Amino acid sequence: METDFTKGGVGKNILMQAVPLTIAQLIQLLYNIVDRIYIGHLPGTDGLALTGIGLVFPLVALVTAFTNLFGMGGAPLCSIARGAGEEEKAEKILGNTATLLFCSSFGIMALCYLLKRPILFAFGASEATYVYADQYLSIYLAGTLFAMLGTGLNFFINAQGFPKIGMATTIVGAALNILLDPLFIFVFHMGVRGAALATVLSQGVSALWVLIFLTGKRAVLPLKRSRLKLDGSLCLRITGLGMSGFIMSATNCLTQIVCNVTLKIYGGDLYIGVMTILNSVREVLSLPVMGVTNGAQPVLGYNYGARAYGRVRRGIGFTTLIGGAYSLAAWLTVMALPGVFILLFSSHGEMLAEGERAMRLYFSGFLFMVLQFAGQSTFIALGKSRFAIFFSLFRKVIIVTPLTLLLPRLAGLGVDGVWLAEPVSNAVGGLACFLTMLLSVWRQLKREEARYAQRPGG
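Calculation criteria
- Residues numbered from 1 in each chain as written.
- Predicted model: local features only at pLDDT ≥ 70, side-chain atom pairs only at ≥ 80, totals over all residues.
- Heavy atoms only, no water.
- Helix = DSSP H or I, 4+ residues; strand = E, 2+ residues; numbered from the N terminus.
- Rg over C-alpha atoms; globule rule 2.2 N^0.38 Å.
- Contact = heavy atoms within 4.5 Å.
- Areas by Shrake-Rupley, 256 points an atom, 1.4 Å probe, with all protein chains shown as cover.
- Lys, Arg positive; Asp, Glu negative; His and termini not counted.
- Charge placed at Lys NZ, Arg CZ, Asp CG, Glu CD.
- Axes fitted to C-alpha atoms, helices over the stretch in contact; angles between N-to-C directions.
- Parallel < 35°, antiparallel > 145°, perpendicular 65-115°, else oblique.
- Left-handed = near helix turned anticlockwise from the far one by under 90°.
- Nonpolar A, V, L, I, M, F, W, Y, C, P; charged D, E, K, R; others polar.
- Salt bridge = Lys/Arg side-chain N within 4 Å of Asp/Glu carboxyl O.
- Buried < 20%, exposed > 50% of the residue type's maximum accessible area, 1.4 Å probe, protein only.
- Patch = residues over 30% accessible without salt bridge, like charges linked within 9 Å, V, L, I, M, F, W, Y side chains within 5 Å.
- Core = buried A, V, L, I, M, F, W, Y, C linked by side-chain atoms within 4.5 Å.
- Disulfide = S-S within 2.5 Å.
- Phe/Tyr/Trp six-rings, centres within 6.5 Å; stacked < 30°, edge-to-face > 60°.
- Lys NZ or Arg CZ within 6 Å of the ring centre and 35° of its normal.

Our next topic: the overall build of the protein. For the protein, the count of helices and strands is 16 helices and zero strands. Relative to a compact globule of 458 residues, whose C-alpha radius of gyration would be 23 Å, the protein shows 22 Å and is just as compact. Put simply, of all contacts in the protein between residues at least 6 apart along the chain, 83% involve residues at least 24 apart. With an accessible surface of roughly 17,700 Å², the protein has 68% of that area assigned to carbon and sulfur atoms. Side chains of the protein carry 35 positive and 21 negative charges; the gap between the two charge centres is 12 Å.

Right, dumping it as structure tokens:
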């Protein structure tokens, strides 16, 4: 019963999903992180190449947003359907998600190519940094299909109870990227273009790996041609539940645009480069929390579909406890050793000096992120899309974006106001999301558990 999450310890089931998923997500992140590390140390660029890559972040976040819209929307629905014994419905969800990912990738790629120059300047580019951003983006966009299929369909491998296969998906691609990056960048002297080409080729290999598995004999729910035809009602449910993940990534896109434009006004290109480093470190350090909460989703969803409500509550508690312990350790490390993280991406003296101070401010509220992730993943896992969507919007759009615009103008904070907007949003948004989950979902689960236990055979 490899994929029956109603058996065995809830914590063990979550860790069995979370550990390989976290490793897989970390390796997936290395696609872009390794690029930034190499590009940050390109000789003769004075950090401008790294700033150029930072300008591309919002468009990468846009691709991620649409990937999450369909992948993170379809996978929990698939888990719930499997838990309820509706195998045919689960197969249709998988097939519809694949079609949505495929079609949307071409629309995104075409739109970004057509509007590339005005978009990058609107995102805060200068003539000096546009050169590097254009070189990277022109090649990166060609791999949009690979990025969306590889990541979006990999959620379904994990949802079927094959986290090690899901981990292997990203290991194969990221290992290839790590090997190709220095070859293309330094040996073939392709610079920023080489980093983008290495990423596209690696994503292509990952996407091929996912498709081979999902169309093979080992898949519990294989990807079938007969299930690719879009079903309107299923598409609405997939996009409705995935809207939370979409908004989280799309609002990251919005926030990054606002940050880059504000930093250009109050600081200049150097500070956009610093923000690129801060974002990179945040992505890496938040991955274990995301891995645990995302790994819990198929376990929570399956048990919810099977009406094992007590196991769902234990899973939520376990996820929050593990994520909180890690977040505390990560926060202490960043506060004590900010320079170590900066040096990974740049040895430029001015960037190092400004980066250390910025990092302590930016990460001062990191502890509260676990509350946002735990509450958000619970809403998604149990199909509570309205709550998930609201709190995605609440933290990024209602709190952090306005603060990024307002704080630099208050009390002469300048660029410090940009760094401080993040911890404030972490605290307010995280507490609001988690407390709402406790007052709504948690109480509902307790009532359902008591009611179901009183039934004959319950």
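Moving on to the packing of helix 3 (residues 87–114) against helix 6 (residues 144–159). Working note: a packed helix pair is described by the angle between its axes plus the distance between those axes. At their nearest, the axes of helix 3 and helix 6 sit 9 Å apart, and the two run at 160 degrees to each other. Classed by the angle they form, the pair helix 3 and helix 6 counts as roughly antiparallel. The crossing of helix 3 and helix 6 is right-handed. Listed contacts from helix 6 to I93, L94, T97, A98, L101, F102, S104, S105, F106, I108 and M109 of helix 3 are T144, L145, M148, L149, G152, L153 and F156. The class makeup of the residues in the contact of helix 3 with helix 6 is 13 nonpolar, five polar and no charged.

This part takes up the pattern of salt bridges. Throughout the structure, instances matching the rule amount to 12 salt bridges. With its nearest N and O atoms 3.8 Å apart, the salt bridge here joins R227 to E88. In this pair, R227 is assigned in the loop between helix 8 (191–214) and helix 9 (232–266) and E88 in helix 3, connecting sequence segments 139 residues apart. Taking relative accessible area as the criterion, R227 reaches 19% and is therefore assigned buried. The class of E88 is partly exposed, set by a relative accessible area of 47%. The residue R357 makes a salt bridge to D416 at a minimum N-O spacing of 2.5 Å. Of this pair, R357 sits in helix 13 (residues 349–362) while D416 sits in helix 16 (residues 415–453), placing them 59 residues apart in sequence.

A cluster of nonpolar side chains, contributed by L328, L332, L367, F368, L431 and L435, occupies part of the molecular surface with about 490 Å² of accessible area. At the level of secondary structure, the elements contributing two or more residues to the nonpolar patch comprise helix 11 (309–336) and helix 16. With respect to the secondary-structure elements, L328 resides in helix 11.

Moving on to the nonpolar core. Within soluble globular proteins, side chains that are nonpolar generally end up buried alongside one another. Y136, L153 and W419 are the most contacted members of the largest nonpolar core, which totals 133 residues. Counting residues per element, this core draws most heavily on helix 2 (residues 48–83), which supplies 18 residues. Excluding anything up to four places from it in sequence, W419 contacts L263, Y271, V274, M275, L278, A358, L361 and Y362.

For S202, the location among the structural elements is in helix 8. For S202, a relative accessible area of 0% gives the class buried. The residues contacting S202, other than those within four sequence positions of it, are Y31, G173, L176, N177 and L180.

This next bit is on the state of the cysteines. Think of a disulfide as a covalent bridge from one cysteine sulfur atom to another cysteine sulfur atom. Taken as a whole and judged by the stated rule, the model has zero disulfides. Considering cysteine sulfurs only, C235 is the nearest to C78, which forms no disulfide, with 15 Å between them. Residue C103 stays outside any disulfide, its sulfur separated by 9.7 Å from that of C235, the closest cysteine.

Mapped onto the fold, G40 is located in helix 1 (residues 10–40). Overall, the relative accessible area of 11% leaves G40 in the buried class. Sequence separation between G40 and H348 is 308 residues; the distance between their C-alpha atoms is 8.9 Å.

Scanning the entire structure with this criterion turns up 16 aromatic pairs. Judged by centre distance (5.0 Å) and plane angle (75 degrees), the rings of F66 and F246 are edge-to-face. With F66 in helix 2 and F246 in helix 9, this residue pair connects regions lying 180 residues apart in the sequence. Ring centres 5.4 Å apart and planes at 70 degrees place the aromatic pair F162 and F213 in the edge-to-face group. On the criterion of sequence distance, the pair formed by F162 in the loop between helix 6 and helix 7 (163–187) and F213 in helix 8 is long-range, its members being 51 residues apart. For the pair shown, F162 and F213 are each scored as buried. Among the aromatic residues, those joined into a cluster by ring pairs are F379, F387, F390, F391 and F394. One cation-aromatic arrangement involves R117 over Y130; the distance from NZ or CZ to the ring centre is 4.9 Å.

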